[in-house]
Amino acid sequence: MNITWFHRGKIGKYPVGKRPVFPMKISIVFVALVFLILVVLWQIPLVKVKAQDDAGEKVLNVTAAIPREFPPYHSVDENGNPIGFAIDVFDHLASRAGLDVTYIIYHGWPEVQQAIRDGKADVIPNFGVTDERKELVSFTSSYEVFPVSLFVRESSYDIAGLEDIANRETAVVVSNVAVGLLESAGVPIIVYDDVASAFFALLAGEVDTLAYPEPIILKMALEADLASRIKVVGNPLIEIRRSIAVAKDKPDLLQLLDEAISEFVGTDQYQEIYSK
């Protein structure tokens, strides 16, 4: 019994149990062609992804929670859009990391932190690093440091630092690191819901001192044309490293942002933003 075969447009027969012998170079060419096709097909999605990255297209959606007023780090413009140092920095980092960012604006820091707890936000673009906060979020490498300082009215001359306020009421803002610092030092405090209320309580004489991050108070005083009414006394209570806070369940996002920070800090772009 013979079996019919077709090869190179020719028909032939060979007995059962025996296969026709094709030229070796045909087999090699065929295998090479199949291999080449597989390689091309395998590379198509990789080339597409790389082309998207090179073109600056966004590949990951991220929700960022920010407080409404924490100038010069966060605030909103007349159209309700987020602006400030932290926004400028995070937008550059997001571009480097291939992120598409949606900002959600909350009243203050307690609401921002609650958004992370509830899974409504992935990141806080600029957040002070403390041991307590490390239980809530993971922190990237820091990209800035600022002091938490004591402020008094310009007319005050009997307060030179922390040692002089053991029996003086000091204004602090809820969720700020100064709350715990002064409580542990035994200093009487009055906790305000927002920095504006604490600031004007100092000016009105409701408290003797105000403890808060120095850049924010100085910025607020300048914008309100009240810089001549306050002054910093003594050494900073503490210096706080500022980083991006990332939800604990987003380790890949943390790595992306950490790499972007290491590439960005120290560049001309970063210095330009910092010096605004």
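A brief look at the structure comes next.

Quick notes on the rules
- Residues numbered from 1 in each chain as written.
- Predicted model: local features only at pLDDT ≥ 70, side-chain atom pairs only at ≥ 80, totals over all residues.
- Heavy atoms only, no water.
- 1 Å grid on protein atoms, 1.4 Å probe; cavity = no way out; pocket = protein on both sides within 12 Å on 5 of 7 lines; lining within 4 Å.
- Points joined across faces, edges and corners; volume = space filled by probe spheres on them.
- Helix = DSSP H or I, 4+ residues; strand = E, 2+ residues; numbered from the N terminus.
- Nonpolar A, V, L, I, M, F, W, Y, C, P; charged D, E, K, R; others polar.
- Buried < 20%, exposed > 50% of the residue type's maximum accessible area, 1.4 Å probe, protein only.
- Contact = heavy atoms within 4.5 Å.
- Phe/Tyr/Trp six-rings, centres within 6.5 Å; stacked < 30°, edge-to-face > 60°.
- Polar contact = N/O pair within 3.5 Å; in protein donor to acceptor, adjacent residues only side chain to side chain.

Details of empty space enclosed by the protein
Phase 1 of the analysis: Under the definition given, this model contains one cavity of 30 Å³ or more.
Phase 2 of the analysis: The space that makes up the largest cavity amounts to roughly 100 Å³.
Phase 3 of the analysis: For the largest cavity, the lining is made up of 15 residues, of which Phe70, Trp109, Arg133, Asn176 and Arg242 are closest to its centre.
Phase 4 of the analysis: Looking at the lining of the largest cavity, the elements with two or more residues in it are strand S7 (123–128), strand S9 (144–153), strand S12 (209–213) and strand S13 (230–247).
Phase 5 of the analysis: Each residue belonging to the lining of the largest cavity can be placed in one class, and the counts come to 10 nonpolar, three polar and two charged.

Concerning the side chain of Ser75
Phase 1 of the analysis: On the secondary structure map, Ser75 appears in strand S4 (residues 75–76).
Phase 2 of the analysis: Residue Ser75 is classed as buried on the basis of its relative accessible area, which comes to 14%.
Phase 3 of the analysis: Beyond its immediate sequence surroundings of up to four residues, Ser75 is in contact with Arg68, Glu69, Asn81, Pro82 and Ile83.

Quick notes on the packing of aromatic side chains
The relative placement of two aromatic rings is captured by the distance of their centres and the angle of their planes.
Phase 1 of the analysis: Scanning the model with the defined rule gives 13 aromatic pairs in all.
Phase 2 of the analysis: Between Phe70 and Tyr212 the ring centres are 6.2 Å apart and the planes differ by 75°, which places this aromatic pair in the edge-to-face class. You can see Phe70 sitting in the loop between strand S3 (60–67) and S4 and its partner Tyr212 sitting in strand S12, a full 142 residues away along the chain.
Phase 3 of the analysis: Assessed through its relative accessible area of 2%, Phe70 is described here as buried.
Phase 4 of the analysis: Summarising the aromatic geometry, the rings of Phe264 and Tyr270 are spaced 5.7 Å apart at their centres and angled 85° between planes, so their arrangement reads as edge-to-face.
Phase 5 of the analysis: On the accessibility criterion, Phe264 (0% relative accessible area) is buried.
Phase 6 of the analysis: Residue classification places Tyr270 among the buried residues on the basis of a relative accessible area of 9%.
Phase 7 of the analysis: Counting every residue linked through ring pairs, the aromatic cluster contains Phe70, Tyr73, Phe85, Trp109, Phe127, Phe139, Tyr143, Phe146, Tyr212, Phe264, Tyr270 and Tyr274.

Some remarks on the environment of Glu144
Phase 1 of the analysis: Following the sequence through the fold, Glu144 ends up in strand S9.
Phase 2 of the analysis: Sequence-wise, Glu144 and Val265 are 121 residues apart; in three dimensions their C-alpha atoms are separated by 9.3 Å.
Phase 3 of the analysis: If we ignore the near neighbours within four places in the chain, the residues touching Glu144 are Tyr73, Phe85, Asn126, Ile240, Arg241, Arg242, Tyr270 and Tyr274.
Phase 4 of the analysis: Within the structure, Glu144 has its side chain in polar contact with the side chain of Tyr73 (distance 2.6 Å).

Everything listed here is a matter of coordinates, which is why it stays silent on function.
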